[in-house]
Amino acid sequence: MTEHAETTRITIAYFGQETISVTPEDMAALAGRAFPLIERVAGGAGEAFDFMEWLGAYRSQQGVAEDAPLPTHLKVEAFDTFEAVIPWEQLKDAAVQFAVDGAPLPKGGPVRLYVPHGSSECLNVKSVIVFRLLLDEGNRDEASYGFKSTFTPAEMRMKR
């Protein structure tokens, strides 16, 4: 697999479920409806899907019971080692940009997450390669963001 192919896949880690790897197109198809990003983000260009619509379809596809607890946070990890942890309540209108004019994101791919009602300065996270859906009742309202500062030896050997 080439470095380019590796960076066009997104890891989905949902508590209690097997971790999977998908393409932006897989995610958009599962969400079922794409819309112009400008509908959620002033001046936004390209196509996006609703994060919560995607999550509902993902939970159904994975056989998660409808009454199972929802995550408390979403942690996104970007290709450049930026990470953000976003409280669940702030994701109501979150959009995932996956294309511009029907083509993959030319820069900052494979997807970009926009959180229009987030409490942090992290309105958008580009180059998202991991979505971690977390259950952490103790820190329900806490948001955090920044560049990763601790790396495993395997991560240090990986080409980015």
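Residues numbered from 1 in each chain as written. Predicted model: local features only at pLDDT ≥ 70, side-chain atom pairs only at ≥ 80, totals over all residues. Heavy atoms only, no water.

(A) Just the overall build of the protein chain, in detail. Helix and strand content of the protein chain: 4 helices and 11 strands. Across the 160 residues in the protein chain, those meeting the buried criterion constitute 39%. Within the structure as shown, the protein chain displays about 8700 Å² of accessible surface, and the carbon and sulfur contribution to it stands at 53%. (Helix = DSSP H or I, 4+ residues; strand = E, 2+ residues; numbered from the N terminus. Buried < 20%, exposed > 50% of the residue type's maximum accessible area, 1.4 Å probe, protein only. Areas by Shrake-Rupley, 256 points an atom, 1.4 Å probe, with all protein chains shown as cover.)

(B) Up close: the pairing of strand E6 (residues 82-87). Most of E6 is tucked away, with 6 of its 6 residues classed as buried. Across 5 bridges, the pairing between strand E5 (residues 73-78) and E6 is antiparallel. Considered in E6, the bridge of valine 76 is made with alanine 84. Taking the residues that link successive antiparallel strands as the turn, the E5-E6 hairpin has 3 residues, and the phi of threonine 81 there is positive, at about 80 degrees. Relative to strand E11 (residues 144-147), E6 is paired through 4 bridges, and the arrangement is antiparallel. The residue bridging alanine 84 from the neighbouring strand is tyrosine 145, located in E11. (Pairing = 2+ DSSP bridges.)

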